[in-house]
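As a plain string of letters, each chain reads:
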Amino acid sequence: MREASERLADAEASADRDRRRAQKENHRHSSYPPGTEFALCHAEAQLMSAVLGVLSESVVDSMKAFYKLRRAYQMLEEIQTTSPHQSRMEGNKEKASDDMSAGAASQRFASSDLDDDQQKLRRASMVDSINRDIMQPMDVFIHSGSNMCLGLLLVILSLIPPSLGRLLSIIGFRGDREKGLSMLWVASKADNVHGAIAILALLNFYGHAIQFCDILPEEDATSGVGYPRQRCHNALATMRQRYPASALWLLEEARMEAVNGHLNAAINLLNVPISPQMRQVEALMVFEKAINYMILHKYQDVADSILKLAELNSWSHALYHYFAAISYVELYREYIDKNPEIARIYAKKAESLLEATPTFMGKKRFMAQSLPFEVFADRKIKKWQARAKQMGVPLVDGVGVSPIEEMMYFWNGYKRMDNDDFAKSLIALNWRKEQLRDDAIDEKAIHSLLTSVVLRNMGELVGAREHLQEVLSIDKLLLKGGLKDDWTAPTAHYEWAAVIWREAGPKEAANCKFWLQKAARWEAYELDTRVGLRVTTALDTVNKYIEA
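First things first, this report covers the structure right here in the doc. As the structure is a prediction and not an experimental result, all values here were calculated from the model.

As a further point, take the overall build of the protein chain. Of the regular secondary structure elements, the protein chain holds 25 helices and two strands. Burial analysis of the protein chain (548 residues in total) assigns 53% to the buried set. Sequence-distant contacts in the protein chain: of pairs separated by 6 or more residues, those separated by 24 or more amount to 70%. Accessible area of the protein chain: about 25300 Å², with a carbon and sulfur share of 52%.

Right under this line is the structure:
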């Protein structure tokens, strides 16, 4: 991290020095104002430096990161406003509109059932391809780079959870998802590093970020974040053809298969023998495989994969050990009635990992704060230890409602399940259900909430509502304090909106917004950033329909 910071500082200084020299000597390499190419490099270095600052364990470095982010944001906006292609693009947009109304455009862009927003975005794509043919090479570099960086910033800022989003808007950061995505698609057309990063960002957004949310528009709809499946497929195919030996694009192909519900196909791709040049990419592939195994309820494979991560990187060994431990908890529960001897082996492994997990806590920090999932895991283990002591049972029997199903929810694995997997989840959630009668109220809330999520994804909305009502009827004060799980109450409000959306769609957008706003305005709670991402994405979707 220190070496990377030093190199980025050198890059910033060099780019700024060259920009000033080019401006002073009025030396041009493009049709942009003198020094613009160096201003872009400066902004890119600042963005990367800001990322390092946010990842640092220093409050001061984190504050400096936001300053750099603001400076890069302003610089990129300035490049956009001084672009010599703006007026030409506007003129071409009008020409494209006239051509389309006259029926001269190709069938790909003339589909009569497209809404106005789709037509505008597709015309913009036509305009961009026309202008690229007449741009100088350096113009393409600047045009693609500024669109990639600013587009990525706008999309990321639009994903910020409500609590942090209000703070960032005060100091001048505002996201715009639709504009950001449009800029990324423009940048993706360039055959350079900016185009590759833009495609990577788009695939991660559509295949990862929005997959955490359940309230989304139909595919290809621009009102919100509709998934342009074919467009993403074509972009990925281009990169796989260009870089056939790249593990990074293989990973993206596996993620696309998983999004489409082809989990075994995704795992097969991730098992393809390949030697990534970056250890980080190998770690991402292993983690992705572990998540897919989790959704398929292959607990031993989850444990094996997740523990391998501890050998590949040093990011969060506490989370890795916790993940492996709860996988063994599920294996213990699976065998306790049919083969107690094997069950005891799994119990020993689970308890060993659970007891070791706290020793790894706090070794990695984000923005000078403990990692949210590590805080979550630490509290859960303490809760189970206290529960086991109170019940007079071993630690493995003190574990509450299926912890692997909790993780399933936080990674929204239910969206990728089939009926067999839903049945397995319900079995896991209902393990020794009779004990819930005498259990803590927050454990009952977890059971009801997760059961409702499974039923919603199965299409059984009446049952989903009944279980959610059990959570909503609980006084939220009873779910606060001590070692209790307080995340279920606000999450239940989001889930109620998700049921409404599944049942009625955009027709009930206003009703959905009512429940989502209640979740968005909730006081701080555990993993509020994780749940907040779903709420923010959902609000963006319903607001687009309400404003339409």
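Counted according to the given criterion, the structure contains 19 aromatic pairs. What links up through ring pairs into an aromatic cluster is the set F287, Y322, F323, F373, F376, W384, Y409, F410, W411 and W487. Of note, K338 hangs over the ring of Y335, and the distance from its end group to the ring centre comes to 4.8 Å. In this structure, R465 packs its charged tip against the face of W496, placed 5.2 Å from the ring centre.

A side chain with one charge can pair with a side chain of the opposite charge if their charged atoms come near. Applying the stated criterion across every chain yields a total of 24 salt bridges. With a closest N to O distance of 3.2 Å, K382 and D378 form a salt bridge. Of this pair, K382 and D378 both sit in helix α17 (residues 372–391), separated by four residues, roughly a single helical turn. In this structure K382 comes out as partly exposed when scored by relative accessible area, which is 43%. For the salt bridge of R379 with E526, the shortest nitrogen-to-oxygen distance reads 2.7 Å. You can see R379 sitting in helix α17 and its partner E526 sitting in the loop between α24 (509–520) and α25 (528–547), a full 147 residues away along the chain. Summarising the burial analysis for this pair, R379 and E526 share the class buried. Connected through shared salt-bridge partners, R379, K380, K383, E406, D442, E443, D485 and E526 make up one network.

The rules behind the values
- In this numbering scheme, every chain counts its residues from 1 along its sequence in written order.
- Confidence filtering applies because this is a predicted model: local features only for residues at pLDDT of at least 70, side-chain atom pairs given and counted only at 80 or more, and all residues used for totals across whole chains, interfaces and linings.
- Excluding hydrogens and water, the side-chain values take into account all heavy atoms of the structure.
- Every helix listed is a DSSP run of H or I at least four residues long, and every strand listed is a run of E at least two residues long, numbered separately from the N terminus.
- Burial classification: accessible surface area is computed with a 1.4 Å probe over protein chains only, and a residue below 20% of its type maximum counts as buried, one above 50% as exposed, and the rest as partly exposed.
- Only heavy atoms matter for contacts: two residues are in contact if any of them lie within 4.5 Å across the pair.
- Computed with a 1.4 Å probe, the accessible areas rest on the Shrake-Rupley method; for each residue, only the protein chains presented here act as cover.
- To pair, rings of Phe, Tyr and Trp, with the six-membered ring standing in for Trp, must have centres within 6.5 Å; the planes then decide the type, stacked if under 30 degrees apart, edge-to-face if over 60, and tilted in the middle.
- Two conditions define a charge sitting above a ring: the NZ of Lys or the CZ of Arg must be within 6 Å of the ring centre, and it must be within 35 degrees of the ring normal.
- Any Lys or Arg side-chain nitrogen located within 4 Å of an Asp or Glu carboxyl oxygen qualifies as a salt bridge.

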